[in-house]
Amino acid sequence: MSYNLLKGKKGIIFGALDENSIAWKVAERAYKEKASFILTNTPAALRMGKIYELSHKTESMVVPADATSIIDLNILFDKALDHFGGKIDFLLHSIAMSINIRKGIPYTSINYEFLRKGWEISAVSYHKIMQTAWSKNAMNKWGSIVALTYVASKRSFSYYGDMSDYKSYLESITRNFGYHWGIKKKVRVNTVSQSPSVTKAAKSIKGFNQFFILSEKISPLGNASAEDCANYIITLFSDFTRKVTMQNLYHDGGFSKTGISETMIS
Ligand code: NAI
(Lines give C-alpha, C1' and ligand atoms only; values in the text may rest on other atoms or scores of the structure.)
Protein backbone atom coordinates (compact mmCIF):
# COMPACT_ATOMS: atom_id res chain seq x y z
CA MET A 1 0.00 0.00 0.00
CA SER A 2 1.29 3.45 -0.90
CA TYR A 3 0.63 6.64 1.02
CA ASN A 4 2.31 8.98 -1.52
CA LEU A 5 4.51 10.16 1.35
CA LEU A 6 7.33 11.23 -0.94
CA LYS A 7 5.32 12.52 -3.88
CA GLY A 8 7.35 15.20 -5.67
CA LYS A 9 10.48 14.54 -3.62
CA LYS A 10 13.86 13.89 -5.21
CA GLY A 11 16.90 12.27 -3.70
CA ILE A 12 20.12 10.31 -3.94
CA ILE A 13 20.44 6.79 -2.48
CA PHE A 14 23.95 5.54 -1.73
CA GLY A 15 24.73 1.87 -1.07
CA ALA A 16 22.28 -0.45 -2.86
CA LEU A 17 24.34 -3.51 -3.82
CA ASP A 18 21.87 -6.39 -4.02
CA GLU A 19 18.30 -7.21 -2.96
CA ASN A 20 19.40 -7.67 0.69
CA SER A 21 20.92 -4.19 1.03
CA ILE A 22 19.07 -1.80 3.29
CA ALA A 23 19.46 0.87 0.58
CA TRP A 24 17.77 -1.47 -1.90
CA LYS A 25 14.72 -1.76 0.36
CA VAL A 26 14.66 2.00 0.85
CA ALA A 27 14.76 2.53 -2.92
CA GLU A 28 11.88 0.10 -3.47
CA ARG A 29 9.78 1.77 -0.78
CA ALA A 30 10.69 5.31 -1.88
CA TYR A 31 9.59 4.40 -5.40
CA LYS A 32 6.27 3.13 -4.06
CA GLU A 33 5.87 6.40 -2.18
CA LYS A 34 6.37 8.27 -5.48
CA ALA A 35 9.86 9.65 -4.95
CA SER A 36 12.34 10.14 -7.80
CA PHE A 37 15.95 9.34 -7.07
CA ILE A 38 19.40 8.56 -8.35
CA LEU A 39 21.09 5.33 -7.27
CA THR A 40 24.82 5.40 -6.69
CA ASN A 41 27.57 3.02 -5.66
CA THR A 42 31.24 2.39 -6.46
CA PRO A 43 32.16 1.31 -10.01
CA ALA A 44 33.14 -2.12 -8.59
CA ALA A 45 29.77 -2.51 -6.86
CA LEU A 46 28.04 -1.53 -10.09
CA ARG A 47 29.87 -4.36 -11.84
CA MET A 48 29.45 -6.98 -9.12
CA GLY A 49 26.05 -6.10 -7.68
CA LYS A 50 22.56 -5.92 -9.13
CA ILE A 51 21.95 -2.16 -9.11
CA TYR A 52 20.75 -2.04 -12.73
CA GLU A 53 17.98 -4.47 -11.84
CA LEU A 54 16.89 -2.03 -9.15
CA SER A 55 17.22 1.02 -11.40
CA HIS A 56 15.03 -0.67 -13.97
CA LYS A 57 12.42 -1.52 -11.33
CA THR A 58 12.40 1.97 -9.84
CA GLU A 59 12.86 3.96 -13.06
CA SER A 60 15.94 5.62 -11.63
CA MET A 61 19.28 6.69 -13.04
CA VAL A 62 22.54 5.09 -11.86
CA VAL A 63 25.61 7.26 -11.37
CA PRO A 64 28.88 5.65 -10.23
CA ALA A 65 30.66 7.34 -7.34
CA ASP A 66 33.18 6.34 -4.72
CA ALA A 67 31.81 8.20 -1.71
CA THR A 68 35.35 8.88 -0.46
CA SER A 69 36.18 10.81 -3.64
CA ILE A 70 35.29 14.51 -3.70
CA ILE A 71 35.77 14.48 -7.49
CA ASP A 72 33.21 11.68 -7.90
CA LEU A 73 30.80 13.37 -5.49
CA ASN A 74 31.02 16.66 -7.38
CA ILE A 75 30.16 14.89 -10.62
CA LEU A 76 27.33 12.99 -8.93
CA PHE A 77 25.71 16.09 -7.45
CA ASP A 78 26.11 18.08 -10.68
CA LYS A 79 24.38 15.25 -12.54
CA ALA A 80 21.63 15.06 -9.94
CA LEU A 81 20.92 18.81 -10.04
CA ASP A 82 20.88 18.69 -13.81
CA HIS A 83 18.75 15.52 -13.97
CA PHE A 84 16.11 16.85 -11.58
CA GLY A 85 16.29 20.41 -12.93
CA GLY A 86 16.69 21.71 -9.38
CA LYS A 87 17.56 20.89 -5.79
CA ILE A 88 17.00 17.61 -3.98
CA ASP A 89 15.04 16.67 -0.86
CA PHE A 90 16.70 13.60 0.60
CA LEU A 91 20.01 11.76 0.83
CA LEU A 92 20.58 8.24 2.15
CA HIS A 93 24.07 7.16 3.27
CA SER A 94 23.97 3.36 3.50
CA ILE A 95 27.69 2.70 3.25
CA ALA A 96 30.12 0.77 5.41
CA MET A 97 33.23 -1.33 5.10
CA SER A 98 35.91 -2.55 7.50
CA ILE A 99 38.93 -4.17 5.92
CA ASN A 100 40.09 -5.28 9.37
CA ILE A 101 36.81 -7.17 9.91
CA ARG A 102 36.87 -8.62 6.41
CA LYS A 103 40.38 -9.94 6.96
CA GLY A 104 39.48 -11.28 10.41
CA ILE A 105 42.03 -9.04 12.17
CA PRO A 106 41.17 -8.73 15.90
CA TYR A 107 40.56 -5.29 17.41
CA THR A 108 43.65 -5.66 19.60
CA SER A 109 45.98 -5.96 16.60
CA ILE A 110 44.29 -3.63 14.16
CA ASN A 111 46.05 -2.60 10.95
CA TYR A 112 46.06 1.22 10.94
CA GLU A 113 46.12 1.64 7.18
CA PHE A 114 43.00 -0.55 6.98
CA LEU A 115 41.54 1.45 9.87
CA ARG A 116 42.06 4.72 7.98
CA LYS A 117 40.44 3.32 4.82
CA GLY A 118 37.48 1.88 6.68
CA TRP A 119 36.97 5.16 8.55
CA GLU A 120 37.11 7.14 5.28
CA ILE A 121 34.50 4.85 3.68
CA SER A 122 32.18 4.31 6.63
CA ALA A 123 32.23 7.68 8.39
CA VAL A 124 34.10 10.51 6.64
CA SER A 125 32.15 9.84 3.43
CA TYR A 126 29.05 11.12 5.25
CA HIS A 127 30.81 14.42 5.85
CA LYS A 128 32.06 14.53 2.26
CA ILE A 129 28.58 13.89 0.86
CA MET A 130 27.11 16.63 3.05
CA GLN A 131 29.94 19.04 2.30
CA THR A 132 29.45 18.53 -1.45
CA ALA A 133 25.69 19.08 -1.11
CA TRP A 134 26.38 22.14 1.08
CA SER A 135 28.87 23.75 -1.28
CA LYS A 136 26.51 23.30 -4.23
CA ASN A 137 23.49 24.48 -2.24
CA ALA A 138 21.89 21.25 -3.46
CA MET A 139 19.28 20.65 -0.74
CA ASN A 140 15.77 22.05 -0.66
CA LYS A 141 14.56 23.68 2.56
CA TRP A 142 13.13 21.02 4.94
CA GLY A 143 15.16 18.32 3.23
CA SER A 144 16.33 15.23 5.11
CA ILE A 145 19.68 13.42 5.31
CA VAL A 146 19.94 9.95 6.88
CA ALA A 147 22.77 7.47 7.52
CA LEU A 148 22.68 3.94 8.95
CA THR A 149 24.43 3.05 12.17
CA TYR A 150 24.54 0.33 14.83
CA VAL A 151 24.35 0.29 18.64
CA ALA A 152 28.01 -0.84 18.84
CA SER A 153 28.78 2.88 18.55
CA LYS A 154 27.63 3.24 22.17
CA ARG A 155 28.19 -0.17 23.79
CA SER A 156 30.93 -2.71 23.30
CA PHE A 157 30.18 -5.60 20.92
CA SER A 158 33.44 -7.47 20.54
CA TYR A 159 32.78 -8.86 17.06
CA TYR A 160 32.02 -5.39 15.63
CA GLY A 161 35.71 -4.36 15.77
CA ASP A 162 36.77 -1.02 14.33
CA MET A 163 33.32 -0.55 12.77
CA SER A 164 32.16 0.45 16.28
CA ASP A 165 34.58 3.38 16.17
CA TYR A 166 33.48 4.41 12.66
CA LYS A 167 29.87 4.40 13.79
CA SER A 168 30.65 6.63 16.79
CA TYR A 169 32.33 9.08 14.42
CA LEU A 170 29.42 8.89 11.99
CA GLU A 171 26.98 9.79 14.77
CA SER A 172 29.19 12.68 15.83
CA ILE A 173 29.24 14.06 12.27
CA THR A 174 25.44 13.82 12.34
CA ARG A 175 25.22 16.12 15.36
CA ASN A 176 27.85 18.58 14.21
CA PHE A 177 26.91 18.93 10.55
CA GLY A 178 23.24 18.66 11.55
CA TYR A 179 23.59 21.86 13.55
CA HIS A 180 24.85 23.83 10.55
CA TRP A 181 22.28 22.36 8.15
CA GLY A 182 19.53 23.26 10.61
CA ILE A 183 20.64 26.83 11.17
CA LYS A 184 21.43 27.72 7.58
CA LYS A 185 19.14 25.56 5.45
CA LYS A 186 16.38 24.05 7.63
CA VAL A 187 17.60 20.61 6.59
CA ARG A 188 17.60 17.76 9.10
CA VAL A 189 20.36 15.18 9.62
CA ASN A 190 19.93 11.92 11.53
CA THR A 191 21.26 8.40 11.90
CA VAL A 192 19.08 5.32 12.20
CA SER A 193 20.51 2.66 14.52
CA GLN A 194 19.21 -0.52 12.96
CA SER A 195 18.82 -4.13 14.19
CA PRO A 196 21.14 -6.70 12.64
CA SER A 197 19.92 -7.62 9.15
CA VAL A 198 21.37 -10.27 6.86
CA THR A 199 23.25 -8.33 4.15
CA LYS A 200 26.63 -8.60 2.44
CA ALA A 201 28.24 -6.15 4.90
CA ALA A 202 26.80 -8.05 7.87
CA LYS A 203 27.93 -11.46 6.62
CA SER A 204 31.58 -10.36 6.82
CA ILE A 205 31.23 -10.11 10.62
CA LYS A 206 32.37 -13.24 12.46
CA GLY A 207 29.58 -14.80 14.52
CA PHE A 208 26.91 -12.61 12.90
CA ASN A 209 24.37 -15.43 12.51
CA GLN A 210 24.49 -16.37 16.20
CA PHE A 211 24.24 -12.74 17.17
CA PHE A 212 21.26 -12.24 14.87
CA ILE A 213 19.41 -14.99 16.77
CA LEU A 214 20.44 -13.64 20.17
CA SER A 215 19.38 -10.11 19.23
CA GLU A 216 15.98 -11.47 18.17
CA LYS A 217 15.60 -13.03 21.62
CA ILE A 218 16.61 -9.88 23.49
CA SER A 219 14.44 -7.42 21.53
CA PRO A 220 10.85 -7.25 22.88
CA LEU A 221 9.53 -6.62 19.36
CA GLY A 222 12.07 -8.90 17.68
CA ASN A 223 14.69 -7.71 15.19
CA ALA A 224 13.59 -5.01 12.78
CA SER A 225 13.97 -6.26 9.21
CA ALA A 226 15.54 -4.26 6.39
CA GLU A 227 12.01 -3.67 5.04
CA ASP A 228 10.93 -2.30 8.43
CA CYS A 229 14.00 -0.07 8.36
CA ALA A 230 13.09 1.22 4.91
CA ASN A 231 9.59 2.10 6.09
CA TYR A 232 11.03 4.05 9.01
CA ILE A 233 13.50 5.91 6.80
CA ILE A 234 10.67 6.91 4.47
CA THR A 235 9.00 8.68 7.41
CA LEU A 236 12.26 10.54 8.02
CA PHE A 237 12.30 11.69 4.39
CA SER A 238 8.64 12.69 4.60
CA ASP A 239 7.20 16.01 5.80
CA PHE A 240 5.97 14.40 9.03
CA THR A 241 9.36 14.57 10.76
CA ARG A 242 10.51 18.09 9.93
CA LYS A 243 11.73 18.98 13.42
CA VAL A 244 13.67 15.78 14.11
CA THR A 245 17.37 16.46 13.70
CA MET A 246 20.87 15.67 15.06
CA GLN A 247 19.46 12.43 16.49
CA ASN A 248 20.57 8.85 16.62
CA LEU A 249 17.22 7.09 16.26
CA TYR A 250 17.00 3.49 17.43
CA HIS A 251 15.08 1.20 15.12
CA ASP A 252 15.83 -2.10 16.81
CA GLY A 253 12.68 -3.64 18.30
CA GLY A 254 13.71 -2.36 21.75
CA PHE A 255 17.12 -4.09 21.82
CA SER A 256 19.09 -1.04 22.96
CA LYS A 257 16.85 -0.49 26.00
CA THR A 258 16.64 -4.09 27.19
CA GLY A 259 18.94 -5.65 29.78
CA ILE A 260 18.20 -9.35 30.14
CA SER A 261 15.04 -10.68 28.51
CA GLU A 262 12.93 -13.59 29.79
CA THR A 263 13.60 -15.51 26.58
CA MET A 264 17.33 -15.45 27.31
CA ILE A 265 17.03 -17.00 30.76
CA SER A 266 14.20 -19.47 30.17
P1 NAI B 1 25.50 -3.80 2.04
O2 NAI B 1 26.78 -4.56 1.93
O3 NAI B 1 24.37 -4.22 1.23
O4 NAI B 1 25.76 -2.23 1.81
C5 NAI B 1 27.01 -1.60 2.03
C6 NAI B 1 27.24 -0.72 0.82
O7 NAI B 1 28.37 0.13 0.97
C8 NAI B 1 27.49 -1.55 -0.46
O9 NAI B 1 26.52 -1.22 -1.43
C10 NAI B 1 28.86 -1.12 -0.87
O11 NAI B 1 29.09 -1.18 -2.27
C12 NAI B 1 28.87 0.33 -0.34
N13 NAI B 1 30.21 0.91 -0.33
C14 NAI B 1 31.34 0.36 0.17
N15 NAI B 1 32.38 1.20 -0.07
C16 NAI B 1 31.87 2.30 -0.68
C17 NAI B 1 32.45 3.51 -1.18
N18 NAI B 1 33.76 3.76 -1.06
N19 NAI B 1 31.63 4.42 -1.79
C20 NAI B 1 30.29 4.18 -1.92
N21 NAI B 1 29.70 3.05 -1.46
C22 NAI B 1 30.49 2.12 -0.87
O23 NAI B 1 25.13 -3.88 3.60
P24 NAI B 1 24.02 -3.14 4.49
O25 NAI B 1 23.88 -3.99 5.69
O26 NAI B 1 22.82 -2.81 3.68
O27 NAI B 1 24.77 -1.82 4.97
C28 NAI B 1 24.21 -0.53 4.79
C29 NAI B 1 24.43 0.29 6.06
O30 NAI B 1 23.63 -0.23 7.12
C31 NAI B 1 25.86 0.30 6.58
O32 NAI B 1 26.19 1.58 7.07
C33 NAI B 1 25.80 -0.69 7.72
O34 NAI B 1 26.82 -0.51 8.69
C35 NAI B 1 24.43 -0.32 8.27
N36 NAI B 1 23.86 -1.28 9.19
C37 NAI B 1 23.72 -2.57 8.82
C38 NAI B 1 23.23 -3.50 9.71
C39 NAI B 1 23.10 -4.93 9.32
O40 NAI B 1 23.01 -5.78 10.22
N41 NAI B 1 23.09 -5.26 8.06
C42 NAI B 1 22.81 -3.12 11.09
C43 NAI B 1 22.97 -1.72 11.37
C44 NAI B 1 23.48 -0.84 10.45
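Everything here concerns the structure above.
These figures come from a predicted structure and were not determined experimentally. (Residues numbered from 1 in each chain as written. Predicted model: local features only at pLDDT ≥ 70, side-chain atom pairs only at ≥ 80, totals over all residues. Heavy atoms only, no water.)

Asker: What's the story with the side chain of N190 in this structure? I'm lost.
Answerer: Within the element layout of this structure, N190 appears in strand β6 (residues 188-194). What makes N190 buried here is its relative accessible area of 0%. Those residues in contact with N190 that sit more than four places away from it in its chain are Y126, I145, V146, A147, T174, V244, T245, M246, Q247 and L249. (Helix = DSSP H or I, 4+ residues; strand = E, 2+ residues; numbered from the N terminus. Buried < 20%, exposed > 50% of the residue type's maximum accessible area, 1.4 Å probe, protein only. Contact = heavy atoms within 4.5 Å.)

Asker: In this structure, what is going on with the sheet that holds β6? I would like to understand it.
Answerer: Sheet strands associate in pairs through backbone hydrogen bonding, adopting either a parallel or an antiparallel arrangement. Pairing is parallel across the open sheet formed by 7 strands, whose spatial order is β3-β2-β1-β4-β5-β6-β7. The open sheet is flanked by β3 (61-64) and β7 (247-251), the only strands paired with a single partner. Averaged over all adjacent pairs, the angle separating strand axes in this sheet is 20°, with direction ignored. Pairing of strand β2 (residues 36-41) with β3, which is carried by 4 bridges, proceeds in the parallel orientation. Considered in β3, the bridge of L39 is made with V62. Each of β1 (10-14), β4 (88-93), β5 (139-149) and β6 touches helix α6 (residues 112-135); the most contacted strand, β4, lies at about 170° to it. (Pairing = 2+ DSSP bridges. Axes fitted to C-alpha atoms, helices over the stretch in contact; angles between N-to-C directions.)

Asker: I tried to follow helix α9 (residues 208-218) on my own but got confused; where do I start?
Answerer: The α-helix winds at 3.6 residues per turn, so residues separated by three or four positions along the chain end up facing the same way. If you check which residues of α9 are buried, you get F208, F211, S215 and I218. Looking straight down α9, one finds its buried side chains confined to an arc of 80°; they lie on one side. Pointing more than 90 degrees away from the buried face of α9 are the exposed residues N209 and Q210. (Arc of directions from axis to C-beta.)

Asker: I keep staring at the side chain of S125 and nothing clicks. Help me out?
Answerer: Among the secondary structure elements, S125 is positioned in helix α6. Setting aside anything within four residues of it in sequence, one finds S125 in contact with A67, H93 and E120.

Asker: For this particular structure, what's the right way to read the pattern of salt bridges?
Answerer: Proximity of charged atoms lets side chains of opposite charge pair with each other. The tally for this structure, following the rule as stated, stands at 10 salt bridges. Note that E33 is salt-bridged to R29, the shortest N-O span being 2.5 Å. Each of the two residues, E33 as well as R29, counts as buried. Here R242 and D239 are joined by a salt bridge, their closest N and O atoms 3.7 Å apart. (Salt bridge = Lys/Arg side-chain N within 4 Å of Asp/Glu carboxyl O.)

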